[in-house]
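# Structure assessment
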Amino acid sequence: MDLLTPSIGLIFWMTISFIVLLIILGKYAWKPILKALENRENSIQKSLDEAKNAREAMAKLTSQNEQILKEARIERDAILKEAREIKDKIINDAKDAATAESNKIIQSAKETINAERISAINQIKSEVADLSVDIAKKVLQKELSSPEEQKKLIDSLVNQAKLN
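My aim in this report is to walk through the structure given alongside it, one point at a time. Bear in mind that the values here come from a model prediction, so they are computed numbers and not experimental data.

## Description of the overall build of the protein chain
Helix and strand counts for the protein chain stand at 2 helices and 0 strands. Here the C-alpha atoms of the protein chain give a radius of gyration of 64 Å, more than 25% beyond the 15 Å that 2.2 N^0.38 yields for 164 residues. Based on the C-alpha atoms only, the size of the protein chain along its principal axes is roughly 195 × 35 × 20 Å. Counting across all 164 residues of the protein chain, residues that qualify as buried make up 1%.

Written out as structure tokens, the structure is:
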């Protein structure tokens, strides 16, 4: 039972050992331990501050990225609108050019047809005149076979010519 009931000597030496241990620990261990804890606390605080700054920078970059994406979408829409306008203008110009060209071709065809028609009419007139002359020649040769008839015809033609 001696172990359960400590004696005064044991308590004294245990107290002295404890005080010596506290002095040794206070002089050699606590300062480095406290300094290490303080350094650890500072590094943790520094890491937290850096994380906070990184979070703020990330938020700022995110907002900048969103702004850049928004501007890119606006620019894309403007480029697409301009491309559509250019496409419509090119199509309209091509339609106008095709219409003008077709009108020019139609006009040229009308002029060609008109010229061919006039040429055909003139040719028909010429052929009709030649036929008329041939027919009149044959008729006159038959009717004016005698000199008396020829003289009567000449006189009547001269009289008509003087009246006109």
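More follows now that the structure is in view.
## Brief notes about the pattern of salt bridges
For side chains bearing opposite charge, pairing can occur when the charged atoms are close. Considering all chains together, one arrives at 2 salt bridges under this definition. Close ionic contact of Arg76 with Asp77 constitutes a salt bridge, the shortest N to O distance being 3.2 Å. Under the relative-accessibility criterion, Asp77 is labelled partly exposed at 41%. Here Lys89 ties to Asp93 by a salt bridge, and the two come within 3.3 Å at their closest N and O atoms. Highlighted residues: Lys89 and Asp93, both in helix 1 (residues 8–143), separated by 4 residues, approximately one helical turn. The partly exposed category is assigned to Asp93, whose relative accessible area is 39%.

Conventions used here
Residues numbered from 1 in each chain as written. Predicted model: local features only at pLDDT ≥ 70, side-chain atom pairs only at ≥ 80, totals over all residues. Heavy atoms only, no water. Helix = DSSP H or I, 4+ residues; strand = E, 2+ residues; numbered from the N terminus. Rg over C-alpha atoms; globule rule 2.2 N^0.38 Å. Buried < 20%, exposed > 50% of the residue type's maximum accessible area, 1.4 Å probe, protein only. Salt bridge = Lys/Arg side-chain N within 4 Å of Asp/Glu carboxyl O.

It is worth stressing that arrangement in space is one thing and function is another; only the former is reported here.
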